[in-house]
Amino acid sequence: PGNDAAIETVCTLHEGSIADDDTWESVGPGTAYAPITIATEGSRVTLRPWDPTACKIADSIYNHFCCLPIWSGSWILVVDCSWQTLSHIADIVGPTGRVIGVMSTRHPQQLVPAQRRHFFKCYPAVYVTT
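Within each chain, residues carry numbers counting from 1 in the order of the written sequence. In keeping with the predicted nature of the model, local features appear solely for residues at pLDDT of at least 70, side-chain atom pairs appear and are counted solely at 80 or more, and the whole-chain, interface and lining totals rest on all residues. Heavy atoms throughout the structure, all of them, feed into the side-chain values; hydrogens and water do not.

Draft legend 1. Representation of the nonpolar core within the structure. Residues belong to one nonpolar core when they are buried, are Ala, Val, Leu, Ile, Met, Phe, Trp, Tyr or Cys, and are joined through side-chain atoms within 4.5 Å. Categorising residues by exposure relies on relative accessible area from a 1.4 Å probe, with only protein chains included: less than 20% of the type maximum marks a residue as buried, more than 50% marks it as exposed, and the intermediate range marks it as partly exposed. In this structure, Val 78, Trp 83, Leu 86, Ile 89, Val 99, Phe 119 and Val 126 are the most contacted members of the largest nonpolar core, which totals 20 residues. Contributions of two or more residues to this core are made by strand S4 (75–79), helix H2 (83–93) and strand S6 (126–129). Per the convention used, a helix needs a DSSP run of H or I reaching at least four residues, while a strand needs a run of E reaching at least two, with both numbered from the N terminus. Broken down by element, this core gets its largest block of residues, five residues, from H2. If near-sequence neighbours (up to four positions away) are discounted, Leu 86 is found in contact with Val 78, Cys 81, Val 99, Gly 101, Met 103, Phe 119, Val 126 and Val 128. Whether two residues are in contact is decided by their heavy atoms, any of which lying within 4.5 Å being enough.

Draft legend 2. Summary view of the sheet that holds S4. Here a strand pair is declared whenever DSSP counts at least two bridges between the two strands. Spatial strand order, S4-S5-S6: three strands in an open sheet with parallel pairing. Of all the strands in the sheet, the pair left with one neighbour each is S4 and S6. Neighbour-to-neighbour, the strand axes of this sheet turn through a mean angle of 15 degrees, independent of strand direction. Helix axes are fitted only over the stretch in contact, all axes being lines through C-alpha atoms; the angle between N-to-C directions runs from 0 to 180 degrees. Against the sheet, H2 engages S4, strand S5 (98–102) and S6, with an angle of about 160 degrees to S5.

Draft legend 3. Expanded view of the packing of aromatic side chains. Any two rings among Phe, Tyr and Trp, with Trp reduced to its six-membered ring, count as a pair given centres within 6.5 Å; such a pair is stacked if its planes are under 30 degrees apart, edge-to-face if over 60, and tilted if neither. Under the defined criterion, the tally for this structure stands at four aromatic pairs. Seen from their ring centres, Trp 83 and Phe 119 are 4.9 Å apart, and the 80 degrees between their planes marks the pair as edge-to-face. Here the residue Trp 83 occupies a position in helix H2, and Phe 119 occupies one in helix H3 (residues 113–122), the gap between them amounting to 36 residues. Here Trp 83 matches Phe 119 in class, with each residue buried. Taken together, the ring pairs connect Trp 83, Phe 119, Phe 120 and Tyr 123 into an aromatic cluster.

Next comes the structure, spelled out in structure tokens:
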């Protein structure tokens, strides 16, 4: 209340919808936006907000600091990032691209095996190694 400043965010486009229990999504108390799914003529896409204050890659895109050579069909190596960042990069490269993530076994955001299976079912183009 009383703050009319526009809030902007970066979104990636995910083909299909996402489940409400996707743990790698940072949606919850204090989060400005939640994913928006749009369905028309048998197609479904989801706009997934990517908070530029929580991710350096999203911040770079938002502030036009760099032109990232990431597009549909790219093969991308990502070192020590969050599962959410992996999912957003997977949205960008699409089903014809690949995302290879290298994560420490001590990474603060570890998923339990059931969450990992669900993540890889949603993002089959992502491979993670430790």
